[in-house]
Structure formats: structure tokens, C-alpha cells
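Structure at a glance
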Amino acid sequence: METRGGRIEGAVQRLLEGPKNSAPETPQNKLFSEVTAGSHPQDEVQREKTFVPSRELLEELEALTVEAGPTLEILKEQACGSQITGAVLEAAAVAQPRMEAIRWMSNQFAAFGYRDEWLADAILYMDRLAVQMYKSDNFLSLGVEPNSPAAEILGATEAMKSQDLWLA
């Protein structure tokens, strides 16, 4: 039995290859032939034909895509769930420990020669985790109403102060 990855690769390969006779042909060299109007070599080059995949191939690719991964709706739900509120990060109680964390991480990334893109990803990860911390079962609201803006700021503040988060 063929694996899912092999079926996908085979279908994609057939789509990319197109019909077997679709390769353009090299025009004959008429360098030493008689030049007449309209006899420029580019006039005779066949234009590459566009490949139109068969209905069966498209249906097979669609079925494999659905089988292989999540739908756009699921991806959209995941993306919406991971959006963060920037106002929380701008709160004075959160901004100061956040800047300390960013300074520490910047120094570490520079010392080890890591890429700037990785630093940006690490900061984004830290921000998302800190902002979502108040939703965690392990978060103690300490007299603040759960799932309130105050709990969100308190959770972000505590998370930003945690050096364990910086090392995550």
C-alpha cells in the first residue's frame, strides 16, 4: 500500500510534469539560410502550451489535501485564537519587565550569534504566552476577577518577570 506522502508527491509530480509531449522544441538553426521577411528564428519558436490538469487529477489532489491537513476554517480559528492584545504589553506594569526580558534575550542572541529572525520569533512567543497566561489553569488571580482586563495585565506582568519564561 502506498503511503499518503508518496501519493501526494506522485500527484504533485504528475501535475508539475504535465502532458508528456509538452516540452518545447528547440527551433532549427537557420543561421546560414536565406533571410526573408518573417524568417527571424523567434518567429518559429513554439510558444509553451499551458498545462491544464485533468479533472481526475484535480479531484485526487483535493482529496489528498483534505486528507493531509486541516481546512482553512480550522486554520482561521487557530489564528484568531492566538491573536494578542497589544494594549496589555503597553501597560506600565508589563512594559518594564518586558524590556528587561528583551534586553537579556538580545544579549544572549548576540553572544551566541543567533539570527535576528529567531530573536523576533522568541519575543513574539514570549508576548503571546504572557498575554494568554491569565487563561491558564495554573494562574492564580490573587483577588482579581478571573478573565478580566486586570487579570490579563497581572498574568502578563507575572509571566514577564519569570526568567523561566525567558529561557523557554
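Shown above is the structure to which this text applies.
Conventions used here
- Residues numbered from 1 in each chain as written.
- Predicted model: local features only at pLDDT ≥ 70, side-chain atom pairs only at ≥ 80, totals over all residues.
- Heavy atoms only, no water.
- Core = buried A, V, L, I, M, F, W, Y, C linked by side-chain atoms within 4.5 Å.
- Buried < 20%, exposed > 50% of the residue type's maximum accessible area, 1.4 Å probe, protein only.
- Contact = heavy atoms within 4.5 Å.
- Helix = DSSP H or I, 4+ residues; strand = E, 2+ residues; numbered from the N terminus.
- Polar contact = N/O pair within 3.5 Å; in protein donor to acceptor, adjacent residues only side chain to side chain.
- Salt bridge = Lys/Arg side-chain N within 4 Å of Asp/Glu carboxyl O.

This next bit is on the nonpolar core. Ranked by size, the top nonpolar core spans 18 residues in total, and within it Val 94, Met 126 and Met 160 carry the most contacts. Sequence-distant contacts of Met 160, defined by excluding residues within four places in its chain, comprise Leu 89, Val 94, Pro 97, Arg 98, Ala 101, Met 126, Asp 127, Ala 130, Leu 165 and Trp 166.

Turning our attention to the side chain of Thr 157. Mapped onto the fold, Thr 157 is located in helix 8 (residues 149–161). From its side chain, Thr 157 meets the backbone oxygen of Ile 153 in a polar contact 2.8 Å long. Ignoring anything within four residues of it in the chain, the contact list for Thr 157 reads Ala 93, Val 94 and Pro 97.

A side chain with one charge can pair with a side chain of the opposite charge if their charged atoms come near. One pass over the full model with this rule turns up 3 salt bridges. Note that Arg 55 and Glu 59 form a salt bridge whose closest N and O atoms lie 3.6 Å from each other. Placement of both Arg 55 and Glu 59 in helix 3 (residues 55–68) is noted, with a separation of 4 residues, approximately one turn of the helix. In this structure Glu 59 comes out as partly exposed when scored by relative accessible area, which is 44%. We note a salt bridge from Asp 127 to Arg 98, for which the minimum N-O separation is 2.7 Å. Taken as a pair, Asp 127 in helix 7 (residues 116–132) and Arg 98 in helix 6 (residues 92–112) lie far apart in primary sequence, 29 residues in all.

This is a description of form; function is not addressed.
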